[in-house]
Amino acid sequence: MLIFMLKAFTWFSAVVLTMSLLAGSVSAVIRPSQQSLNPRSPLVFSDQALAASARFAGRRVIERAHALFAATRLPSTSSDGAAIEKDLLRELVHWLEASALMRWDSESSYGQIEIAFRRGREIDRAEIFLTEAWAKSESGAWRFPELAVLETERRDEIMRKYFYPSKGSLGQIVFEFIKRQDGQICLLVSEIQPSDGYRLLTKKARRRMNDWRIHALERIAAWAHQKEMPLYAATSADIKTQYPFWKGNVFELASNYVKPFLPHLWKEARVQAIYRNASKLWEGSLVQYRFWEYQVPGLLHRAS
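Residues numbered from 1 in each chain as written. Predicted model: local features only at pLDDT ≥ 70, side-chain atom pairs only at ≥ 80, totals over all residues. Heavy atoms only, no water.

Outline the layout of surface pockets, listing residues and values.
To find the voids left in a structure, one rolls a probe of water-molecule size over its atoms. As a volume, the second largest pocket reaches approximately 370 Å³. In terms of lining, the second largest pocket is formed by 16 residues, of which the most central are Asn210, Arg213, Phe251, Ser255 and Lys259. Residue assignment for the lining of the second largest pocket shows that the elements contributing at least two residues are α7 (196–199), α8 (203–209), α9 (212–226) and α11 (250–257). The biggest single contributor to the lining of the second largest pocket is α11, with 4 residues. A breakdown of the residues in the lining of the second largest pocket according to their chemical character gives 5 nonpolar, 3 polar and 8 charged. (1 Å grid on protein atoms, 1.4 Å probe; cavity = no way out; pocket = protein on both sides within 12 Å on 5 of 7 lines; lining within 4 Å. Points joined across faces, edges and corners; volume = space filled by probe spheres on them. Helix = DSSP H or I, 4+ residues; strand = E, 2+ residues; numbered from the N terminus. Nonpolar A, V, L, I, M, F, W, Y, C, P; charged D, E, K, R; others polar.)

Give me α9: which residues, what numbers.
Because the α-helix completes a turn every 3.6 residues, residues three or four places apart line up on one side. If you check α9, its first and last C-alpha atoms are 22 Å apart, about what 15 residues at 1.5 Å a residue would give, namely 21 Å. Of all 15 residues that make up α9, 11 are buried, and the element is covered over most of its length. Those residues of α9 that sit buried are Trp212, Arg213, Ile214, His215, Ala216, Leu217, Arg219, Ile220, Ala221, Trp223 and Ala224. Immediately beyond the C-terminal end of α9, within one or two residues, lies Glu228, with a positive phi of roughly 55 degrees. (Expected span 1.5 Å × (residues − 1). Buried < 20%, exposed > 50% of the residue type's maximum accessible area, 1.4 Å probe, protein only.)

How would you explain the nonpolar core if you had to name every residue and give the values?
Judged by nonpolar contacts, the single largest core of 55 residues is most densely connected at Leu130, Leu147 and Phe175. Tallying contributions element by element places α9 first for this core, with 7 residues. If we ignore the near neighbours within four places in the chain, the residues touching Leu147 are Tyr110, Leu130, Trp134, Trp142, Leu201, Ala205 and Met209. Core analysis: the second largest hydrophobic core is formed by 10 residues, Cys186, Val271, Ala273 and Phe291 among them. (Core = buried A, V, L, I, M, F, W, Y, C linked by side-chain atoms within 4.5 Å. Contact = heavy atoms within 4.5 Å.)

Can you break down the environment of Arg180 residue by residue, with the values?
Here Arg180 shows up in strand β4 (residues 169–180). For Arg180, a relative accessible area of 4% gives the class buried. Through-space distance from the C-alpha of Arg180 to that of Tyr275 is 9.1 Å; in sequence the pair is 95 residues apart. Here the side chain of Arg180 touches Asp182 through a polar contact of 2.8 Å, side chain to side chain. (Polar contact = N/O pair within 3.5 Å; in protein donor to acceptor, adjacent residues only side chain to side chain.)

How would you explain the pattern of salt bridges if you had to name every residue and give the values?
Under the defined criterion, the tally for this structure stands at 7 salt bridges. A salt bridge links Arg180 to Asp182, with the nearest nitrogen and oxygen atoms 2.8 Å apart. Classification of Asp182 as partly exposed rests on a relative accessible area of 44%. (Salt bridge = Lys/Arg side-chain N within 4 Å of Asp/Glu carboxyl O.)

Outline the pairing of strand β5 (residues 185–194), supporting the account with residue identities and numerical values.
Every regular strand shows the same layout, with side chains that alternate between the two sheet faces. Most of β5 is tucked away: 9 of the 10 residues are buried. Bridge analysis of β4 against β5 gives 9 bridges, and the strand direction is antiparallel. Within β5, the position partnered with Phe175 by the bridge is Val189. In this structure, the hairpin formed by β4 and β5 is closed by a connection of 4 residues, where Gly183 is found at a positive phi of approximately 90 degrees. Sheet analysis places β5 next to strand β6 (residues 231–234), joined by 3 bridges and oriented parallel. Opposite Leu187, over in β6, you have Leu231 as the bridge partner. (Pairing = 2+ DSSP bridges.)

What follows is the structure, encoded as structure tokens:
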């Protein structure tokens, strides 16, 4: 009996220790330091936290966080990749904010829906909102009461502050710049994220609103076209590599990474590319990715 009790105590202690270490590692990834309450300040990442969290969030996502916060700290006069990317991101998001409103006929009681871009919570993203003129009456009430759920936020404070779309939005689009095998810098739509409120809309309301992704992608393509820059976007296969826990969510993957990519505008392509690392330029070994490639005759020259 004594031996059995000792074994049981040892097992229980091991479980508690493992859970404590895991909790500490994950919290180290998502918790900002006491001095970095400003969302533009860097998060604190440890090697142990990176190793523990990579299994859940995908190693490239965590490495991207390193690179992004490095970019926000560098002056524009710097010649390295972080500053180059920072300037491109600022130019892109500013252009999207200043561009014309996007409209489409919902073929329903909603009539012609009207949306616009707004600057996101971080430098690498833009959010999509219904315009006030379309969505609300002069009194500020929602014209369609079922849309009031868009104001809902279900995430904890840290995740809302740094990563997820703002309440009231339809969602956000996250950008990166990658270096292709031929040396060309390309724009990548790395994530399309509906907001918490959008996910709570009724099926009928979502069906009427779903085209926001298509119109947002078309507007982003217009910026890339004027910059003569190739445009790519993550596929469901790429997202499942980044976020292993999304593999079973077929509906979300189809809604965000399949249906918005109209076949006459987008084509799947295998691309040899490099993501910018946390310190300097786009350096390292080329990796083959499966992306959506935007089709503009005479503009895109796919690397072999």
